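Structural characterization, general
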Amino acid sequence: MIKLHDLEFEPYISEKEINQAIEEISGKLNEDYKGKMPVFIGVLNGSFMVASEIIKRFDHDCEVSFVKMGSYVGTQSTGNVKTLVGLNQNLKGRQVVLLEDIVDTGNTLVELDKILTEAGVEDYKVATLFLKPEAYKKNIPVKYVGLEIPNKFIVGFGLDYDGLGRNLTQVYKRKE
Ligand SMILES: O=P(O)(O)OC[C@H]1O[C@H](OP(=O)(O)OP(=O)(O)O)[C@H](O)[C@@H]1O
Ligand code: HPA
C-alpha cells in the first residue's frame, strides 16, 4: 500500500503485465508501420514512460514529437481539455500514431482529433497502454490497446494523482 497526498493506493498491475502489454502494442506497430515513416506523438505529461518504451522498440524510421494536454484535477476530469504545449511540426500528409498512457472519458482524444484534422494529417491511429471501456463513450477508434481496465482511478507508470505517482514502475489503484 502507498499514500499519495491524502489518498491510499494498492498494487494493481505489475511491471511484468505492463511490459507484456507494451510488447504487444510495439509488435503490431512494427508490422503496421514498416516503411511508412510514422510520426509518433506522445501526449504529455502522462505518456512519457509508455512513449519511450514503445518508440525504442520501433525498428523502422520514424519521427517523434510531443504535445502537452491537461484536464484532470485530483481524480476527476474537468471536461475542459487545455492544450498546454501545441504541435510544432508540420504534419500535413503524415501518418501519425498518438501515444497515450490512458484513454478514460475520451475528452482528450476529442480535442486531439480536432488538432490533427486541422493539421491535415493523412491519417492517425491511437495507441494507449490503458483503456477504461466503461468510461469511454466517444466515437474515435482506439486501435492499439495494451490493457482494458475497470473504471477505477489508477496511478503509476506516468499516471499521477495531483502530480504524484508518475515515477512508480507498477500501477496502483485507489483503495476502496
Ligand atoms: O480520456 P480522458 O478522460 O481525457 O483522460 C485521458 C488523459 O488524462 C490524462 O492526462 P491529464 O489531463 O491528467 O494530464 P497529464 O497527462 O499531464 O497527467 C492522461 O495522460 C490522458 O491524456
Ligand atoms: O485513472 C487515472 N489516473 C490518473 N490519471 C488519469 N487520467 C485519466 N484517467 C486517469
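- Under the annotation held in an unreviewed UniProt entry, the protein carries the name Hypoxanthine phosphoribosyltransferase and is attributed to Christiangramia aestuarii.

**Some remarks on the site of ligand 2**
- Every residue lining ligand 2 is accounted for by Y72, I102, D104, K132, K152, F153, I154, L159 and D160.
- For ligand 2, a nitrogen atom lies 2.7 Å from a polar atom in the side chain of D104.
- The protein chains hide 93% of the 260 Å² of surface that ligand 2 would expose on its own.
- Residue composition of the shell around ligand 2, by class: 5 nonpolar, no polar and 4 charged.

**Things to note about the layout of surface pockets**
- Taken as a whole, the largest pocket encloses approximately 670 Å³ of empty space.
- Taken together, 32 residues form the lining of the largest pocket, with M69, G70, S71, Y72 and D160 sitting closest to its centre.
- Elements with a contribution of two residues or more to the lining of the largest pocket: β3 (39–44), β4 (63–73), β5 (76–85), β6 (95–103) and α3 (107–118).
- Here the element with the most residues in the lining of the largest pocket is β4; it accounts for 6 residues.
- As for the second largest pocket, its lining consists of Y72, T75, Q76, S77, D104, T105, K132, A135, N151, K152, F153 and R174.
- A class-by-class count of the residues in the lining of the second largest pocket yields 3 nonpolar, 5 polar and 4 charged.

Calculation criteria
- Residues numbered from 1 in each chain as written.
- Chains lettered and ligands numbered in written order.
- Predicted model: local features only at pLDDT ≥ 70, side-chain atom pairs only at ≥ 80, totals over all residues.
- Heavy atoms only, no water.
- Near = heavy atom within 4 Å.
- Polar contact = N/O pair within 3.5 Å; in protein donor to acceptor, adjacent residues only side chain to side chain.
- Areas by Shrake-Rupley, 256 points an atom, 1.4 Å probe, with all protein chains shown as cover.
- Nonpolar A, V, L, I, M, F, W, Y, C, P; charged D, E, K, R; others polar.
- 1 Å grid on protein atoms, 1.4 Å probe; cavity = no way out; pocket = protein on both sides within 12 Å on 5 of 7 lines; lining within 4 Å.
- Points joined across faces, edges and corners; volume = space filled by probe spheres on them.
- Helix = DSSP H or I, 4+ residues; strand = E, 2+ residues; numbered from the N terminus.

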